[in-house]
Amino acid sequence: MQRDISPATFVQDILRNRSNQRILERWDRLALPDAWLVAGCLFQTVWNLRAGAAPDAQINDYDLFYFDGNDLSAENQQAVQRHADAVLGDIGVQVEAVNQARVHLWYPQVFGHPYPRLASARDGLDRFLVLGTCVGVRPAGSGWEVYAPYGLDLLYDGLLTPNPLVDHGALFARKAASYQARWPWLRIARGATQPGDPAANATA
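Nothing here was measured: the structure is a model prediction, and the numbers come from that model.

Applying the stated criterion to the full structure yields 0 disulfides. Left without a disulfide partner, Cys 134 is nearest to the cysteine sulfur of Cys 41, which lies 14 Å away.

Among the residues of helix 6 (residues 103-111), Val 103, His 104 and Tyr 107 are the ones counted as buried. Mapping the buried residues of helix 6 onto a view down its axis gives an arc of 80°, with all of them on the same face. The secondary structure elements touched by the buried residues of helix 6 are strand 3 (95-99) and helix 9 (169-182).

Attention now moves to the sheet that holds strand 2 (residues 62-66). Strand order across the open sheet formed by 5 strands is 3-2-1-4-5, with mixed pairing between neighbours. At either end of the open sheet lies a strand with only one pairing partner, and these are strand 3 and strand 5 (143-147). Each strand axis lies, on average, 30° off the axis of its neighbour in the sheet, ignoring direction. For strand 4 (residues 136-140) and strand 5, the ladder comprises 5 bridges, and the chain directions are antiparallel.

Quick look at the side chain of Thr 133 now. By the element assignment, Thr 133 lies in the loop between helix 7 (121-125) and strand 4. The residues touching Thr 133, leaving out its near neighbours within four places in the chain, are Phe 43, Trp 47, Phe 128 and Tyr 179.

Quick look at the confidence of the model for the protein now. Summing up the model confidence of the protein, the mean pLDDT is 92 and the portion of residues at 70 or higher is 92%. Under a pLDDT of 50 for its full length, residues 194-204 has, in the predicted model, 21 contacts with residues more than four places off or in other chains.

So, on to the pairing of strand 4. Pairing of strand 1 (residues 36-38) with strand 4 involves 2 bridges; the strand directions are antiparallel. Within the sheet, the bridge partner assigned to Val 38 lies in strand 4 and is Gly 136.

Listed as buried for helix 1 (residues 7-14) are Phe 10, Val 11, Asp 13 and Ile 14. Within helix 1, the buried residues cover an arc of 165° as seen down the axis, which keeps them to one side. For helix 1, exposure combined with an orientation more than 90 degrees from the buried face picks out Ala 8 and Gln 12. Buried residues in helix 1 make contact with helix 2 (18-25), helix 4 (40-51), strand 4, strand 5 and helix 8 (153-157).

Time to look at the environment of Trp 27. Among the secondary structure elements, Trp 27 is positioned in helix 3 (residues 27-30). Judged by relative accessible area, which is 13%, Trp 27 ranks as buried. In this structure, the C-alpha to C-alpha distance between Trp 27 and Leu 37, residues 10 residues apart in sequence, is 9.5 Å. Ignoring any residue separated from it by four or fewer positions in sequence, one finds Trp 27 in contact with Ala 35, Trp 36, Leu 37, Leu 64, Arg 138 and Pro 139.

Basis of the calculations
- Residues numbered from 1 in each chain as written.
- Predicted model: local features only at pLDDT ≥ 70, side-chain atom pairs only at ≥ 80, totals over all residues.
- Heavy atoms only, no water.
- Disulfide = S-S within 2.5 Å.
- Buried < 20%, exposed > 50% of the residue type's maximum accessible area, 1.4 Å probe, protein only.
- Helix = DSSP H or I, 4+ residues; strand = E, 2+ residues; numbered from the N terminus.
- Arc of directions from axis to C-beta.
- Contact = heavy atoms within 4.5 Å.
- Pairing = 2+ DSSP bridges.
- Axes fitted to C-alpha atoms, helices over the stretch in contact; angles between N-to-C directions.
- pLDDT = per-residue confidence, 0-100.

Structure below.
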């Protein structure tokens, strides 16, 4: 179904999750370079609303992507995490800050696939396993900047489609199955690797 969801609708929905709202209210205090609020705290809020659940139901953590190409050390990212915890700790949710400039250093060891060196935080947003989940938001002046490189329709339609930039069938199958177990109304795109297929059971 073609919905043509607007960024304004998306922002209105994700702000119904009070934790998203409070994080974004403190954005200036975070002062992170090229930073975005991303991932599950956004698309899972939309799915919760679609399912008639509380906006923050089943959301395990709140991810901050930022880009600091001047210091790729784990120690620097840990310092950023401590800063984020100091700014946001009283909200009562787990917040994870990840420097997209250094993902290529650890991704192959964790997920078993090569990963290119990125040039911005948005490059990381482009590469989520499921196309409809590639979304980010941040304050911009008196309004909002939404980044959704593949649009918002897949997200609102609940269609889980593999991302051709990261064609990792087994990883996609596990991720899609996990989402569908929590939000049963979601659909896995026809032709995508399904849980139980040989590719889905391969070692990642």
